[in-house]
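So the chains spell out like this:
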Amino acid sequence: MGSIGEQHDRSKVPPNTYDALIIGAGINGVAMLYHTLKLGMKVKILEAGDGVGGVWFWNRYPGARFDSESYSYGYSWSQEVLDEWDWTEHFSPQPQTEKYINFVVDKFNMRDQIQLHSRVTKATYRDADKRWTVEIDNGETFDTKFFITAVGPLNKPCMPKMDGIERFKGQWTHTARWPKEGLDYAGKRVAVIGTGATGVQTITEVAKTAGQLYVFQRRPNWCAPLHNSPISKEEMAKIRQRYPEIFKRCSQSIAGFMHTPDSRGTLEVTDEEREAFYEHLYASPGFGIWQGNFRDMLYDQDANNLLTEFMTKKIRGRVHDPKVAEKLIPTDHGCGALRMPMESGYYEVYNQPNVELIDNTPNPGGTPITTVTETGVQTTAKEYEVDIIIYATGFDAVTGAFNDIDIRGKAGRSLREYWKEGPHTYLGVSVEGFPNMLMVAGPHTSLGNIPRSCEFTILWLARLLDHMNKKGLGCIEATRQGVKNWTNHVKATGRDHLVNHADSWLTGINRNIEGRDRRVIMRYTGGAPEYREKCEEIEGRRYDTFAME
Ligand code: NA7
């Protein structure tokens, strides 16, 4: 296929004037670009990095890979891409995913519409002519009608609030800023700080060759085996035939994954049946144990406690030293209440002689990190001298990338200020006071298996833009009432979900950032099918819950 859509006669418009500017060339931004180009709009992506891929461009740390089945992650809207692209592993490693996004960009000749090295710093709505001025870090400005954010919920890496980080004389990096040229840790003394999904992947890989690995753990996580394996050409051919069924299955699940909850309640089965089901899930690939468990596992504390007990036994069974095993068992949250890290031999790492787990909890026996020194990491007990420090300390999630841009709506209103106490949106796509700003993967939308959830939003937004173009409408904006209703709905539907009762990025907690110690529901947890139904109903009513001009 050549260029998409009807091309604009660029001679008639000033060079930096667009119908839509999309911020971010990750998996969502690229899809949004495709669909807006298809409408014949003049569009450009502004991307901070020097390549496309978003999280799959930046997160090139060792062991980085999907925890969702590869074939449930790709674009479903292009038969050609489905036909031509072969996934080589059930859970794709980062380099292959980066390649996939590049493949799609090249396939549809979209590279010219992507401007790299362009970090957006400012976006200002102009009341006078109802358009946006967008500015990037080198001072270049753009004029656009639609300002579309595809900045990703896990975009802005977060360094720990710790003294001495810059003082360290060895090499150091955040996992999401892993050097492109790689980092040679073989035989070296390495510290990894952080044991979230990223830390778990990194630690497992680094432990294979590091001379000595110190894992600094402030809070353990419940991790389950990923069971990754290669995909042969023959298997890929069979998967290809199953694509319609795979996407249908994802569309029926709460969060877009291939795993749907079992219809039974945890206490409706015998102890033997329950144990056998847990064992089956533990032995099966992917997120089944988290997303395909008994239907009440993520909603009922008693049900959750039973899985937590099962997982506790698993950790004790896999880690030889009982003291180390106890340190790896979370005590502040039940299994699945945080985003579950998937692992490939993580617990066994702690049986290796070159790996030491340092408990940084503030609990009795814990030795919190006090500072980073010139030569290593200092805890309340001792200094660990290392050559390399790896910060797997997560992200300023969901709203961080928005807050990095000075976004000004009507009458100069600041989005940063408006969202100070937590996000307020309409359907997670629009904000009152910010006309023609549209969000993909925005807060309060259904975020799970990201491309699956967001693909719906992207196609929905494309139809909205088409409607506006055809009707000659200039502006769309959420109403105050709409935002109030949706924000309340997000809170109400999220109330019973155990994920919303634990401290993590999913509830906006980040103790490295001032003022982020109060839980806020960041995502719509009422279910992707319900989310889609709501959006489709509004579309059917010609978007009458929005203000349009
Ligand atoms: P997470 O899940 O936010 O994990 C960050 C980890 O870093 C977590 O273990 C934190 O401990 C730890 N951390 C953060 N700050 C500090 C300080 N100051 N001292 C010690 N330890 C610290 O980020 P990930 O990158 O692992 O995963 C994010 C998402 O990416 C994941 O959910 C997937 O969807 C992909 P804490 O638990 O806060 O005590």
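It should be noted that the structure appears before, not after, this text.
Residues numbered from 1 in each chain as written. Predicted model: local features only at pLDDT ≥ 70, side-chain atom pairs only at ≥ 80, totals over all residues. Heavy atoms only, no water.

Undergrad: Could you give me a rundown of the pairing of strand β16 (residues 388–391), with the residues and numbers involved?
TA: Burial along β16 is two-sided: the residues I388 and I390 and I389 and Y391 are all buried. One ladder, built from four bridges, connects strand β7 (residues 171–174) with β16; its direction is parallel. Its bridge partner lying in β16, H174 is registered against Y391. Relative to β16, strand β8 (residues 189–193) runs parallel, the two being bridged by four bridges. Bridge pairing in β16 links A191 to I389. (Buried < 20%, exposed > 50% of the residue type's maximum accessible area, 1.4 Å probe, protein only. Helix = DSSP H or I, 4+ residues; strand = E, 2+ residues; numbered from the N terminus. Pairing = 2+ DSSP bridges.)

Undergrad: Please give an account of the site of the ligand that cites residues and values.
TA: The immediate surroundings of the ligand are formed by 18 residues, with T198, R218, R219, W505 and N512 found nearest. Between the ligand and the protein, one listed contact pairs an oxygen atom with a backbone N or O atom of T195 at 2.9 Å. One nitrogen or oxygen atom from the side chain of W505 is found 2.8 Å from an oxygen atom belonging to the ligand. A total of 790 Å² of accessible area belongs to the ligand in isolation, and the protein chains cover 83% of it. Split into classes, the residues belonging to the shell around the ligand amount to eight nonpolar, seven polar and three charged. Counting the residues that make up the shell around the ligand, at least three belong to each of domain 1 (10–50 + 116–156 + 397–440 + 451–548) and domain 2 (165–230 + 257–391). (Near = heavy atom within 4 Å. Polar contact = N/O pair within 3.5 Å; in protein donor to acceptor, adjacent residues only side chain to side chain. Areas by Shrake-Rupley, 256 points an atom, 1.4 Å probe, with all protein chains shown as cover. Nonpolar A, V, L, I, M, F, W, Y, C, P; charged D, E, K, R; others polar. Domains from an automatic or database assignment.)

Undergrad: Let's hear about the packing of aromatic side chains: which residues, and what values?
TA: In the structure shown here, the tally under the stated rule is 39 aromatic pairs. Between R177 and the ring centre of W58, over which it is positioned, the NZ or CZ distance is 3.8 Å. Geometry around F277 places R264 over its ring, the cationic atom sitting 5.1 Å from the centre. (Phe/Tyr/Trp six-rings, centres within 6.5 Å; stacked < 30°, edge-to-face > 60°. Lys NZ or Arg CZ within 6 Å of the ring centre and 35° of its normal.)

Undergrad: If you had to explain the packing of helix α1 (residues 27–38) against helix α15 (residues 450–471) to someone new, which residues and values would you point to?
TA: Orientation of α1 relative to α15, taken along the N-to-C sense of each, is 25°, at an axis distance of 10 Å. In terms of orientation, α1 and α15 fall into the roughly parallel class. Seen from above, α1 lies across α15 with right-handed handedness. Along its contact with α1, which presents I27, N28, A31, M32, H35 and T36, the element α15 presents I450, P451, C454, I458, L459, L461, A462 and L465. Partitioning the contact of α1 with α15 into residue classes produces 11 nonpolar, three polar and no charged. (Axes fitted to C-alpha atoms, helices over the stretch in contact; angles between N-to-C directions. Parallel < 35°, antiparallel > 145°, perpendicular 65-115°, else oblique. Left-handed = near helix turned anticlockwise from the far one by under 90°. Contact = heavy atoms within 4.5 Å.)

Undergrad: Break down the layout of surface pockets for me, citing the residues and quoting the values.
TA: Rolled over the atoms, a probe with the dimensions of a water molecule shows which regions are left empty. Of the volumes computed, that of the second largest pocket is approximately 410 Å³. In terms of lining, the second largest pocket is formed by 18 residues, of which the most central are W419, K420, E421, G515 and R516. Residues of the lining of the second largest pocket, tallied by class, amount to five nonpolar, five polar and eight charged. (1 Å grid on protein atoms, 1.4 Å probe; cavity = no way out; pocket = protein on both sides within 12 Å on 5 of 7 lines; lining within 4 Å. Points joined across faces, edges and corners; volume = space filled by probe spheres on them.)

Undergrad: Kindly report on the sheet that holds strand β14 (residues 376–379), identifying the contributing residues and their values.
TA: The strand order across the open sheet built from three strands is β13-β14-β15, with neighbouring strands paired in antiparallel fashion. The strands lining the two open edges of the sheet, one partner per strand, are β13 (369–372) and β15 (383–385). Direction aside, neighbouring strands of the sheet carry axes that sit 20° apart on average. As paired elements, β13 and β14 share three bridges and run antiparallel to each other. Bridge assignment links I369 to a residue of β14, and that residue is T379.

Undergrad: Tell me about the pattern of salt bridges, and please be specific about residues and values.
TA: Where charged atoms from two side chains of opposite charge approach closely, those side chains can pair. This model, assessed by the stated rule, comprises 43 salt bridges. Its salt-bridge partner being E205, residue K208 comes within 3.0 Å of it at the nearest N-O pair. Among the residues examined, E205 registers a relative accessible area of 28% and is labelled partly exposed. (Salt bridge = Lys/Arg side-chain N within 4 Å of Asp/Glu carboxyl O.)

Undergrad: So what's going on with the nonpolar core? Residues and values would help.
TA: The tendency in soluble globular proteins is for nonpolar side chains to be buried side by side. In this structure, L213, Y350, L427, M437 and W460 are the most contacted members of the largest nonpolar core, which totals 149 residues. Ignoring any residue separated from it by four or fewer positions in sequence, one finds M437 in contact with W132, F147, F402, I407, L415, V429, S430 and V431. I369, V372, V386 and I389 belong to the second largest nonpolar core, which has 14 residues in total. (Core = buried A, V, L, I, M, F, W, Y, C linked by side-chain atoms within 4.5 Å.)

Undergrad: Could you give me a rundown of empty space enclosed by the protein, with the residues and numbers involved?
TA: Summed over all chains, the structure comprises two cavities of 30 Å³ or more. In this structure, the largest cavity spans a volume of roughly 50 Å³. Y71, G74, Y75, V81, L82, W85, W87, Y100, Y243 and F247 are the residues that line the largest cavity. Listing elements by their share of the lining of the largest cavity, those giving two or more residues are α4 (79–84) and α7 (233–252). When grouped by side-chain class, the residues that make up the lining of the largest cavity number nine nonpolar, one polar and no charged. As for the second largest cavity, its lining consists of T195, V200, Q217, P220, N221, C223, L328, Y346 and Y347. Counted by class, the lining of the second largest cavity contains six nonpolar, three polar and no charged residues.

Undergrad: Tell me about the sheet that holds β7, and please be specific about residues and values.
TA: Taken in spatial order, the five strands make up an open sheet running β7-β16-β8-β9-β12, and their pairing is parallel. Two strands lie at the open edges of the sheet, namely β7 and β12 (355–359), each paired on one side alone. Each adjacent strand pair in this sheet contributes to an overall mean axis angle of 15°, direction not counted. Pairing between β8 and strand β9 (residues 212–217): five bridges, direction parallel.

Undergrad: Requested: an account of helix α5 (residues 94–107), with residues and values cited.
TA: In this model α5 runs 20 Å from its N-terminal to its C-terminal C-alpha over 14 residues, within 8% of the 20 Å that 1.5 Å per residue would give. What α5 keeps buried is the set Q94, Q96, T97, E98, Y100, I101, V104, V105 and K107. In the core, the buried residues of α5 are packed alongside α1, α2 (55–58), α4 and β3 (114–115). Immediately beyond the C-terminal end of α5, within one or two residues, lies N109, with a positive phi of roughly 50°. (Expected span 1.5 Å × (residues − 1).)

Undergrad: How would you explain the state of the cysteines if you had to name every residue and give the values?
TA: Overall, the coordinates contain zero disulfides when judged by the stated rule. Free cysteine C250: the closest other cysteine sulfur is in C454, separated by 13 Å. Note on C250: relative accessible area 1%, which makes it buried. Here C535 is not disulfide-linked; the sulfur of C454 is the nearest cysteine sulfur, at 12 Å. A residue is classified by how much of its surface remains accessible, and C535, at 1% relative accessible area, is buried. (Disulfide = S-S within 2.5 Å.)

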